[in-house]
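Architecture and fold: a report
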Amino acid sequence: MLPRIATIFDKILEIIPESLDDDSDIKKFKQSSNSSLIPLIIVGNYSSGKSSFINSLIGSDILPNSDRPITAKVFEIRKSYQPNVSQINFWVKDTVVQINISDNAYTIIQGKESIVDMLPNIEQQFEQINVRNSDTILHMFLKVINQYEGTDNSFTISDLITIKVPFKQGILAESDKQYVIFDTPGSNSSSNKNHFKVLKKALQNMSNGLPLFVSDYTSLDTVDNENLYEELRNIKEIDDRFTLIIVNKADMAGLPKEGLDERQIQQILNQSIPRNLYSEGIFFVSSVMGLGSKNNGQFINDNYDRIFKKSLNEFNNSQSEYYQELYQYNIVPKQLVSRMKENVRRKGNQLIYVNSGLFSIEDEIEVFANKYSAYNKCQQAKLYLEKIIERTDAEISRLKADSSRELKSLQEELERNKQKIIEEVDLKKQTNDKIFEADYTEQMQSKSIDKEKLFSLSHLKDLSDSLYVNARVDFNLDSYEELNNQTNEKLKLT
Ligand SMILES: Nc1nc2c(ncn2[C@@H]2O[C@H](COP(=O)(O)OP(=O)(O)O)[C@@H](O)[C@H]2O)c(=O)[nH]1
Ligand SMILES: [Mg+2]
């Protein structure tokens, strides 16, 4: 199936007429169709743990986290394919700032002059890092950038910050798919609208993204998310039909030990977020435990360390009174249940990774990537084909209008010429009549003529008619008329 879709897709690219090459939408289609990037768009209220969840996907806690709203920017995070090498890019006005981080050092490759105000702070924070490696340095930079906002600053950092960082452990790290993760500020951020604009722009040239809606267990029913659903639906680059609902911080949700019964499941499904967004499933996760399973509990953020140490026994000791297998609570469509359980069984040796719920989510993301990225490309191909057809139709109508205007003016010109010729013929006839009359009078006066014959009207008419016929030949009137008739015929046809 997939190769067939790919073939169809290539054919579509071939048949796009060159004249439409410059159309911005079509350009975008061509670019995105060649792109194998798969955007994962993380949305949700602030403090629901979006940044922590992303850290768990990456496998290191490079994104700063806090109980207060902290992510003021949209972060676009891509995989770096070199271990211990990361990169940050952002803009100050129109200047690009690029910072490369390799092992225990950083280099400001571009735009140093635009961030001079920030440099002393960067140097100071760099000195304070205990263990310097590419992750801790990257984390430091992101913290400084976040803190910089809101101070009385002389320059403004762009709303989009792009990051390249190696992914460590887990399905996404091992995958050959090029995931791009977007961290967005919470829904209750006042600049929310603007952030969605930034997100929308960043999503151009990529195939449709998978939204992951992060909430904590007790916030599934909050109504202030409504704006967020609306925004999600308005971004055509996001396919909200495949939303994963992520219930984060499930380690402290106090879930019933014996699992959720049918009534509890229905109750959850009736809450506002699931009611609006349920599609692929509701997944329970402890981001902190998932992250800890990947980095062996070596955190950059201190509060993660505390949460991890406190809960560790519940996640890795099946004899513990409060043993947790968070994936057991997942609410997924019936046909997915057995696949999920089977995959979990295969991965059973990585207990904390599986029990944290993170494994099942990454597994589902990878399934999405395999199944739907081609589908999404086709969706996009359809969208842009429609656009091409629309453009082509407009072009045809324009050509039609042009040619009928031309035809009309040609016809008018013919009509004018015809009139002119008729007038000339009439004039000539009149002149001839006058000459004839004068001639006649003269002859009448000079000799006696057969009056009866001379005055016969029919004779006069014969004479005049033959003159008219001669004139028609002289001025080629017949061919003009024929041309005129042909033109009229053509007009009727169009
Ligand atoms: N117990 C627990 N706390 C978490 C978890 N994930 C995040 N938190 C805490 O929730 C707070 C907000 O997290 P953050 O990732 O900054 O949320 P964001 O504002 O949505 O990006 C922080 O204090 C985190 O330590 C988790 O899995 N378990
Ligand atoms: Mg955040």
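Whatever comes next refers back to the structure up there.
First, a word on what this report is: a plain description of the structure on this page. Not measured: the values here are computed from a predicted model. (Residues numbered from 1 in each chain as written. Chains lettered and ligands numbered in written order. Predicted model: local features only at pLDDT ≥ 70, side-chain atom pairs only at ≥ 80, totals over all residues. Heavy atoms only, no water.)

Section: the nonpolar core
Grouped together as the largest cluster of nonpolar side chains are 62 residues, with contacts concentrated most on Phe53, Ile77, Ile88, Phe90, Leu212 and Ile365. Element by element, the count of residues in this core is highest for helix H5 (residues 134-148), at 8 residues. In contact with Leu212, other than residues within four places in its own chain, are Leu40, Ile41, Ile42, Val43, Phe53, Leu244, Ile246, Ile361 and Ile365. One finds Leu232, Ile238, Val288 and Ile331 within the second-largest nonpolar core, a separate group that totals 42 residues. (Core = buried A, V, L, I, M, F, W, Y, C linked by side-chain atoms within 4.5 Å. Buried < 20%, exposed > 50% of the residue type's maximum accessible area, 1.4 Å probe, protein only. Helix = DSSP H or I, 4+ residues; strand = E, 2+ residues; numbered from the N terminus. Contact = heavy atoms within 4.5 Å.)

Quick word on the side chain of Lys79
Residue placement: Lys79 occurs in strand E2 (residues 74-79). Buried and unpaired, Lys79 has no salt bridge, with Asp176 as the nearest side chain of opposite charge at 7.4 Å. Among the polar contacts made by the side chain of Lys79, one reaches the main-chain carbonyl oxygen of Ala173 at a distance of 3.4 Å. Reaching out from Lys79, the side chain makes a polar contact with the backbone oxygen of Ser175 at a distance of 2.9 Å. Apart from the residues lying within four places of it in its own chain, the contact partners of Lys79 are Lys164, Val165, Phe167, Leu172, Ala173, Ser175, Lys177 and Tyr179. (Lys, Arg positive; Asp, Glu negative; His and termini not counted. Salt bridge = Lys/Arg side-chain N within 4 Å of Asp/Glu carboxyl O. Polar contact = N/O pair within 3.5 Å; in protein donor to acceptor, adjacent residues only side chain to side chain.)

Points about the side chain of Lys177
Mapped onto the elements, Lys177 comes out in the loop between helix H6 (170-174) and strand E7 (178-183). A relative accessible area of 16% means that Lys177 is categorised as buried. Once residues within four sequence positions are removed from consideration, Lys177 is found in contact with Ile38, Lys79, Tyr81, Glu366, Ala369 and Asn370.

Points about the pattern of salt bridges
Scanning the model with the defined rule gives 18 salt bridges in all. Asp159 is the salt-bridge partner of Lys73, the closest N and O atoms lying 3.7 Å from each other. Highlighted residues: Lys73 in the loop between helix H3 (50-58) and E2 and Asp159 in the loop between H5 and strand E6 (160-165), separated in sequence by 86 residues. For Lys73, a relative accessible area of 1% corresponds to the buried category. With relative accessibility at 24%, the residue Asp159 sits in the partly exposed group. Note that Glu342 and Arg345 form a salt bridge whose closest N and O atoms lie 3.0 Å from each other. Of the two residues, Glu342 and Arg345 are both situated in helix H13 (residues 334-346); the distance of 3 residues between them amounts to about one turn of the helix. For Glu342, a relative accessible area of 35% gives the class partly exposed. Assessed through its relative accessible area of 58%, Arg345 is described here as exposed.

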